[in-house]
Amino acid sequence: QVQLVESGGGLVQPGGSLELSCAPSRSIFSFDRMGWYRQAPGKQRELVAVITSDGITNVADSVKDRFTISRDNARNMVYLQMNNLKLEDTAVYYCKAIRVVNVEGATFDYWGQGTQVTVSS
């Protein structure tokens, strides 16, 4: 069983910064991709950013100039640096680990329990 433990959420004022961390219970190299998703109240969960095992990143247009995803292979961690936070960034942020299981692209997905980020003045 894979566990993903997120940390770093909290309350921050607009314009502030937070860094989220995700610690998988298995080697980070076990997964083809690691990502961050978020879900605001009353909305669907959405992709924020994803990083491949090769370090290639994809960041949602809504946060592209403000958020950065990274990984530290030595520490077995994935991070989401969030700068210039806005009210609309308020959500529960989830870490996701993705393992591709066949050539058709089917995956096993693992989710963390989520960490709350609240942007408020």
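Presented here is an overview of the structure given in this document. These numbers come from a predicted model, not from an experiment.

Turning our attention to the overall build of the protein chain. The helix and strand tally for the protein chain stands at zero helices and 11 strands. Secondary structure elements of the protein chain, listed N to C terminal, follow the sequence β-β-β-β-β-β-β-β-β-β-β. Rg of the C-alpha trace for the protein chain: 14 Å, near the compact-globule value of 14 Å for 121 residues, within the 12% margin. Dimensions of the protein chain, computed from the C-alpha atoms along their principal axes, are close to 45 × 30 × 25 Å. When each of the 121 residues of the protein chain is scored for burial, the buried share is 42%. Sequence separation of 24 or more characterises 55% of the internal contacts of the protein chain that already satisfy a separation of 6 or more.

When a strand is regular, its side chains alternate between the sheet's two faces. Along strand β7 (residues 67-72), the buried face is formed by F67, I69 and R71; none of T68, S70 and D72, which line the opposite face, is buried. Bridge count between β7 and strand β8 (residues 77-82): six bridges; the pairing is antiparallel. Its bridge partner lying in β8, F67 is registered against M82. Hairpin connection from β7 to β8: four residues lie between these consecutive antiparallel strands, with N76 at a positive phi of about 60°.

Our focus in this paragraph is the nonpolar core. Here is a general trend for soluble globular proteins: nonpolar side chains tend to be buried in one another's company. If you look at the biggest cluster of nonpolar residues, it comprises 30 residues, and the most contacted ones within it are M34, W36, L80, M82 and Y93. Here this core takes four residues from strand β9 (residues 91-100), the largest share from any one element. Not counting chain neighbours up to four residues away, the residues in contact with M34 comprise L4, C22, P24, I28, A49, V50, I51, I69, V78, C95, K96 and A97.

Attention now goes to unusual backbone geometry. The phi angle at N76 is positive, at roughly 60°, despite the residue not being glycine. The phi dihedral of N84 is positive, around 50°, even though this residue is not glycine. Taking relative accessible area as the criterion, N84 reaches 42% and is therefore assigned partly exposed.

Before going further, it helps to examine the side chain of R66. Residue placement: R66 occurs in the loop between β6 (57-59) and β7. Take R66: its relative accessible area is 9%, and that puts it in the buried class. At 3.4 Å, the side chain of R66 forms a polar contact with the backbone oxygen of S62. Not counting the four nearest positions on each side in its chain, R66 is found in contact with Q81, M82, N83, N84, L85, K86 and D89.

Rules used throughout
- Residues numbered from 1 in each chain as written.
- Predicted model: local features only at pLDDT ≥ 70, side-chain atom pairs only at ≥ 80, totals over all residues.
- Heavy atoms only, no water.
- Helix = DSSP H or I, 4+ residues; strand = E, 2+ residues; numbered from the N terminus.
- Rg over C-alpha atoms; globule rule 2.2 N^0.38 Å.
- Buried < 20%, exposed > 50% of the residue type's maximum accessible area, 1.4 Å probe, protein only.
- Contact = heavy atoms within 4.5 Å.
- Pairing = 2+ DSSP bridges.
- Core = buried A, V, L, I, M, F, W, Y, C linked by side-chain atoms within 4.5 Å.
- Polar contact = N/O pair within 3.5 Å; in protein donor to acceptor, adjacent residues only side chain to side chain.

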